[in-house]
Amino acid sequence: MNRALDVPRELAEPAERGTLTIGHAVVRKIAQHAADQVPGTTRDGKKGAKAKVGGLDNDVDLALDLALGYPAAVRSVVGDVRAKVVEDVELLTGYHVRTLAVTVSALLPAVPPRVR
């Protein structure tokens, strides 16, 4: 048994412990995943929502491009997407979502047409 692990260590003050930077690629993945979880969104082929991230420091600007199932209440689903994305990004990263632009690029039927 290692007694060194049993001895409590004093931690440095929070400001002296270092920093954590969460890259835009991580924020992008969180935003895309959150958008894809909202009922009414759908995948366009094998792709789900696509996000772009910008901003500085703890303020991020997001742009989402996504497909919705047809028929869909577009305003309602987009409102739900906005709420979910902002909530998840801010909760998981601690960043503030300054802007969120949503583009609905497709309305896709649940059953693909038989004739093309």
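Above this text sits the structure in question.
### Remarks on the overall build of the protein
- Along the protein, the regular secondary structure elements total two helices and four strands.
- In the protein, the succession of helices and strands from N to C terminus is α-β-β-β-α-β.
- The C-alpha radius of gyration computed for the protein amounts to 20 Å, which surpasses the reference 13 Å derived for 116 residues by more than 25%, pointing to a less compact arrangement than a globule.
- Seen through its principal axes, the protein has C-alpha atoms that stretch 70 × 35 × 20 Å.
- Residues classed as buried in the protein amount to 27% of the 116 residues present.
- Here the contacts in the protein between residues at least 6 apart in sequence split such that 69% fall between residues at least 24 apart.
- Accessible surface, the protein: about 8600 Å² in total, of which carbon and sulfur atoms supply 54%.
- In the protein, the 16 positive side-chain charges and the 14 negative ones have mean positions that sit 13 Å from each other.

### Digging into the nonpolar core
- Formed by 23 residues in total, the largest nonpolar core has its most connected members in Leu62, Leu64, Leu66, Val81, Val85 and Val89.
- Mapped onto this core, the elements with two or more residues apiece are α1 (24-36), β3 (59-70), α2 (74-93) and β4 (96-109).
- The residues touching valine 89, leaving out its near neighbours within four places in the chain, are Val27, Ile30, Ala31, Val60, Leu62, Gly94, Tyr95 and Val97.

### Notes on the side chain of aspartate 88
- Tracing the backbone through its elements, the reader meets aspartate 88 in helix α2.
- Aspartate 88 sits in the buried class, given a relative accessible area of 14%.

### Section: the side chain of threonine 93
- Its location among the elements puts threonine 93 in helix α2.
- In this structure the side chain of threonine 93 is engaged in a polar contact, spanning 2.4 Å, whose partner is the backbone oxygen of valine 89.
- Apart from residues no more than four positions distant in its own chain, threonine 93 is found in contact with Ile22, Val27, Ile30 and Asp88.

### So, the packing of α1 against α2
- For the pair α1 and α2, interaxial distance at closest approach is 8 Å and the crossing angle is 140°. By the angle class used here, α1 and α2 are oblique. Note that α1 runs across α2; the crossing there is right-handed. Here α1 contributes Val27, Ile30, Ala31, Ala34 and Ala35 to the contact with α2, which in turn contributes Val81, Lys84, Val85, Asp88, Val89, Leu92 and Thr93.
- For the contact of α1 with α2, the class distribution of residues is nine nonpolar, one polar and two charged.

### Quick word on the pattern of salt bridges
- Enumeration over the complete set of coordinates arrives at three salt bridges.
- Of the charged contacts in the structure, one is a salt bridge between arginine 43 and aspartate 36, with a shortest N-O distance of 3.7 Å.
- What makes arginine 43 partly exposed here is its relative accessible area of 45%.
- Classification of aspartate 36 as partly exposed rests on a relative accessible area of 26%.
- For aspartate 88, the salt bridge identified is with lysine 84, shortest N-O distance 3.2 Å. With aspartate 88 and lysine 84 both in helix α2 and four residues apart, the pair spans about one turn of that helix.
- Lysine 84 gets classed as partly exposed once you look at its relative accessible area, which sits at 29%.

Reading the values: rules and limits
- Residues numbered from 1 in each chain as written.
- Predicted model: local features only at pLDDT ≥ 70, side-chain atom pairs only at ≥ 80, totals over all residues.
- Heavy atoms only, no water.
- Helix = DSSP H or I, 4+ residues; strand = E, 2+ residues; numbered from the N terminus.
- Rg over C-alpha atoms; globule rule 2.2 N^0.38 Å.
- Buried < 20%, exposed > 50% of the residue type's maximum accessible area, 1.4 Å probe, protein only.
- Contact = heavy atoms within 4.5 Å.
- Areas by Shrake-Rupley, 256 points an atom, 1.4 Å probe, with all protein chains shown as cover.
- Lys, Arg positive; Asp, Glu negative; His and termini not counted.
- Charge placed at Lys NZ, Arg CZ, Asp CG, Glu CD.
- Core = buried A, V, L, I, M, F, W, Y, C linked by side-chain atoms within 4.5 Å.
- Polar contact = N/O pair within 3.5 Å; in protein donor to acceptor, adjacent residues only side chain to side chain.
- Axes fitted to C-alpha atoms, helices over the stretch in contact; angles between N-to-C directions.
- Parallel < 35°, antiparallel > 145°, perpendicular 65-115°, else oblique.
- Left-handed = near helix turned anticlockwise from the far one by under 90°.
- Nonpolar A, V, L, I, M, F, W, Y, C, P; charged D, E, K, R; others polar.
- Salt bridge = Lys/Arg side-chain N within 4 Å of Asp/Glu carboxyl O.

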